[in-house]
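Chain and residue survey
What follows is each chain in one-letter form.
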Amino acid sequence: MGPKSLPPGRGAGQADPVPRIRRPRALVAVGAVAALAAVVATASLAGCATAAPVSTVGEVDFANRLAIPPLAASEVVDGVRVFDLEARAATTEFRPGVATATDGYSGSYLGPTLRASRGEEVAVRVRNALDEVTTVHWHGMHLPAVMDGGPHQPIEPGATWTPQWQIDQPAATLWYHPHPHGETEAQVRRGLAGLFLVDDAVEAALPLPRDYGVDDLPLVVQDVTFDDHGQFTDRPAGFVGDLGDTILVNGTLAPYADVATDVVRLRLVNGSSARVFGFDFSDSRPFAMIASDGGLLDAPVALEHLTLSPGERAEVLVEMAPGERVVLRSEAPDLGAVSGAASSGGADRFDVLELRAASTLEHRGEVPAALAPVERLDPDLATRDRDFRLNGTQINQRSMDLERIDAVIEAGSTELWTVLNEMPQAHNFHVHDVQFQVLDIDGEPPPPELAGWKDTVYLDPGLPYRLILRFGSEADPDHPYMFHCHLLRHEDQGMMRQFLVVAPGDPALRRDPDPGSGSGHGH
Ligand SMILES: [Cu+2]
């Protein structure tokens, strides 16, 4: 169903709004579930056919060495670091002798890792060798809207698109993937995704592991399902979209990684369509989270369990002992007040990756006591409040319209956005161009893993997330950025909106449609 075929004001599967919940967070789990369950009982949610919980824990043979995406070659031309990517159709042997139809960038599945430093001018020549239109979005990157690679920058089959921008943000694990409206899930799931690592002097001065593919391992984690012929297929899915029963890491089935150092850095990327991962280790060892979507935290955070929803990233440090083997798992993730969480993957468990330590380990990187001070954005500087409510596959009761601008924002300004998932089903929230901070969740400070720079955040149903965003100085009255649910099927179904960033004084600011709560909210 296309977004425009929806009746006005109500999307398919839209539940009645959940009253705003104001109670101590510890009580929300019980109270909210009861309140939300009453709503879901009367709502005609899509996705009645749900699969039984999946568990691969203890079932994976870890027969395959983890593939490390190659670092992309580049050449510096007139001061610009230039990369090449080609989106192409291919086949990949995830299992020996079985060819699976896939897509990849300059390869058969996923793409090379682009890497550049803060301050560098970069360009990427993206050639589309597919037989359909695609785009390439630089997820997490601060860059001009016309370079963003959203649905307004289509690359026709056979065409080449060459965005260019200056890297102007802290060191971080970013990624790239297609963003053509309505086709994002299909293209990402065929293998179109890759990493973009940003380096800077602050990160480089820390004693962190950073030997790419050796003690600094990128891990693009995805769930897929193979049919009897070894081809990708869908499992019966619930409201969230497709949930696979098999894990690929960097496109490797049943992967292991050899470790030769006593501290290893994992750059975790949730490259799934709909699955929320709850990462931990088979022996429940603590690990140190050092970075979120947009870069380093103030200091390492000791965790035993880390939740990542689609599109989110985290960097963690894991300490290893000589000769040991430990398995990175995804245990039943905490979906918060999602009703019937099992149908959204909330009961699924996976073995993800086995780490195999050598009998003697080098000491090359360590867990620092402190990382990089995160500048705290000041709510007093915010000049605008906006409310966004997610329900069904709509935001503020509207579906995506490529011709409609939903917000006009002054370049360089700071805004407060309150985002509420009104329905008892899983959604998350991704904003292009900016890294934001979570000020509070239902009035409480965010947990430390959500306290750094973020571009994507999971929305526990019924809880208002107050985000603070400072927009960049580039203004462009003609090309919008997007914000949307990053569950790819929801995004494809139109759970997305558009904003312009314009210069101070631009008349377009007076035409800001104020997509607040619809109650004249704002200053
Ligand atoms: Cu969603």
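Please refer to the structure placed before this passage.
Source: prediction; values computed, not measured.

1. Here we look at the packing of aromatic side chains
- According to the stated counting rule, one finds 24 aromatic pairs in the structure shown.
- Ring centres 5.6 Å apart and planes at 70 degrees place the aromatic pair phenylalanine 281 and phenylalanine 287 in the edge-to-face group.
- Look at phenylalanine 287 and you get buried, because its relative accessible area is 4%.
- Looking at arginine 95, its charged tip hangs above the ring of phenylalanine 226, at a distance of 4.9 Å from the centre.

2. Describing the pairing of strand 12 (residues 216-224)
- Counted residue by residue, strand 12 has nine buried out of nine residues, so it is predominantly covered.
- The pairing of strand 12 with strand 16 (residues 263-270) spans six bridges and is parallel. Residue pairing across strands places proline 218 opposite arginine 267, the latter belonging to strand 16.
- Examined bridge by bridge, strand 12 and strand 13 (residues 246-249) share four bridges and lie antiparallel to one another. Opposite valine 224, over in strand 13, you have threonine 246 as the bridge partner.

3. Brief notes about the pattern of salt bridges
- Summed over all chains, the structure comprises 42 salt bridges.
- Arginine 65 is the partner of aspartate 258 in a salt bridge, and the nearest nitrogen-oxygen pair spans 2.9 Å. A residue pair is termed long-range when its members are at least 10 positions apart, and aspartate 258 in strand 15 (residues 255-261) and arginine 65 in strand 1 (residues 64-65) qualify at 193 residues.
- Looking at arginine 65, the relative accessible area reads 55%, which means it is exposed.
- Of the charged contacts, one joins arginine 190 and glutamate 132 as a salt bridge, the two residues approaching to 2.7 Å between their closest N and O atoms. Here arginine 190 is found in the loop between helix 2 (184-189) and strand 11 (194-199), whereas its partner glutamate 132 is found in the loop between strand 6 (121-128) and strand 7 (137-139), with 58 residues between them in sequence.

4. A closer look at the sheet that holds strand 24 (residues 382-391)
- The mixed open sheet is built from five strands, whose spatial order is 25-24-27-31-29. Edge strands, defined here as strands with exactly one partner in the open sheet, are strand 25 (394-395) and strand 29 (437-441).

Reading guide: rules and limits
Residues numbered from 1 in each chain as written. Predicted model: local features only at pLDDT ≥ 70, side-chain atom pairs only at ≥ 80, totals over all residues. Heavy atoms only, no water. Phe/Tyr/Trp six-rings, centres within 6.5 Å; stacked < 30°, edge-to-face > 60°. Buried < 20%, exposed > 50% of the residue type's maximum accessible area, 1.4 Å probe, protein only. Lys NZ or Arg CZ within 6 Å of the ring centre and 35° of its normal. Helix = DSSP H or I, 4+ residues; strand = E, 2+ residues; numbered from the N terminus. Pairing = 2+ DSSP bridges. Salt bridge = Lys/Arg side-chain N within 4 Å of Asp/Glu carboxyl O.

Keep in mind that these numbers describe shape and distance, not what the molecule does.
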